[in-house]
Amino acid sequence: MALLRPALIPPNADIERLKQQVAAGRNPRDVKFELGMELVERFHGAGSGERARDEFVARFQQGALPEDLAEVTLPAGADGIALAHVLKGAGLVPSTSEAFRQLKQGAVKVDGERVEDVALKFAAGETHVFQVGKRRLARVTIA
């Protein structure tokens, strides 16, 4: 690989070669992966770039859940707990108002399914994976 020189700045020839490859039809994403893998390996050791790439692909292209998924337990009343309160209690949004905004925008998923019902409630004993946007996730158990 060794695209980047020790000074971490690729020489103009390498940059021009990559630009030509992209102009000739190479996917720019592949060039970014290649450069990113080299940078990660420089800072984190051999093999770490490939692992980082594989984790990225699994997480963002294949929809896999992250290994360090937050686990949260929230109390439910007799009638259960509303979705907006679950999102706030799990730390996925700063307020219930923001939860309602995210719901209206279609940015909320429960167990991988998009949810827009602001009146949705969850009963005690349930466990679900809640997601707001692409990066904020938590496994929440309703107690």
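Right above here is the structure, for reference.
No experiment lies behind these values; they were computed from the predicted model shown.

Draft legend 1. Just the packing of helix α2 (residues 28-44) against helix α3 (residues 48-61), in detail. At a minimum axis distance of 7 Å, the contact between α2 and α3 shows a crossing angle of 130 degrees. When the interaxial angle is binned, α2 and α3 end up oblique. Like other packed secondary-structure pairs, α2 and α3 cross with a definite hand, here right-handed. Packed against α2, whose contacting residues are Arg29, Phe33, Met37, Val40, Glu41 and His44, the element α3 presents Ser48, Gly49, Glu50, Ala52, Arg53, Phe56, Val57 and Gln61 at the interface. By residue class, the composition of the contact of α2 with α3 is six nonpolar, four polar and four charged.

Draft legend 2. Local environment of the sheet that holds strand β6 (residues 127-132). If you walk across this open sheet you meet the five strands as β1-β7-β6-β3-β4, and the pairing is mixed. The strands lining the two open edges of the sheet, one partner per strand, are β1 (70-74) and β4 (113-114).

Draft legend 3. Summary view of the packing of aromatic side chains. Tallied over the full model, the rule gives two aromatic pairs. Between the aromatic rings of Phe33 and Phe56, the centroid separation amounts to 5.7 Å while the plane-to-plane angle is 75 degrees, which identifies the pairing as edge-to-face. Here Phe56 lies in helix α3 and Phe33 lies in helix α2, a separation of 23 residues in the sequence. The exposure class assigned to Phe56 is partly exposed, which follows from its relative accessible area of 38%. Geometrically, the ring pair formed by Phe122 and Phe130 is edge-to-face, given 5.1 Å between the ring centres and 85 degrees between the ring planes. Take Phe122: its relative accessible area is 5%, and that puts it in the buried class. Take Phe130: its relative accessible area is 0%, and that puts it in the buried class.

Draft legend 4. Molecular detail of the side chain of Gln102. In this fold, Gln102 is placed in helix α5 (residues 96-104). Looking at Gln102, the relative accessible area reads 10%, which means it is buried. Separated by 2.6 Å, the side chains of Gln102 and Glu98 make a polar contact. Those residues in contact with Gln102 that sit more than four places away from it in its chain are Val93, Ala107, Val108, Val132 and Arg136.

Rules used throughout
For every chain, the first residue of the written sequence is number 1, and numbering continues from 1 along that sequence. Per-residue local features are limited, in this predicted model, to residues with pLDDT of at least 70; the limit for side-chain atom pairs, both in listing and counting, is 80 or more; totals at the level of whole chains, interfaces and linings are taken over all residues. Only hydrogens and water are removed before side-chain values are computed, so all heavy atoms of the structure are retained for them. Between N-to-C directions, angles cover 0 to 180 degrees, with each direction set by a line fitted to C-alpha atoms, over the stretch in contact for helices. Each helix corresponds to a stretch of at least 4 residues labelled H or I by DSSP, and each strand to a stretch of at least 2 residues labelled E; elements are numbered beginning at the N terminus. Here the word oblique covers every angle except those under 35 degrees (roughly parallel), over 145 (roughly antiparallel) and from 65 to 115 (roughly perpendicular). Two helices crossing with the near one rotated counterclockwise from the far one by less than a right angle form a left-handed crossing, whereas a clockwise rotation gives a right-handed crossing. The contact definition used throughout considers only heavy atoms, calling two residues in contact when any of these lie within 4.5 Å. Lys, Arg, Asp and Glu make up the charged group, whereas Ala, Val, Leu, Ile, Met, Phe, Trp, Tyr, Cys and Pro make up the nonpolar group; the residues left over, Gly among them, are polar. Two strands make a pair as long as DSSP finds a minimum of two bridges between them. Note on ring pairs: Phe, Tyr and Trp rings are taken, using the six-membered ring of Trp, and paired if centres are within 6.5 Å. Classes follow the plane angle, with under 30 degrees stacked, over 60 edge-to-face and the rest tilted. The rule is simple: take the accessible area with a 1.4 Å probe, protein chains only, and divide by the maximum for that residue type; under 20% is buried, over 50% is exposed, in between is partly exposed. Identification of polar contacts relies on pairs of N or O atoms within 3.5 Å, with a donor-acceptor requirement for protein atoms, meaning one able to donate a hydrogen and the other able to accept it, and with residues adjacent in sequence counted only if both atoms are side-chain atoms.

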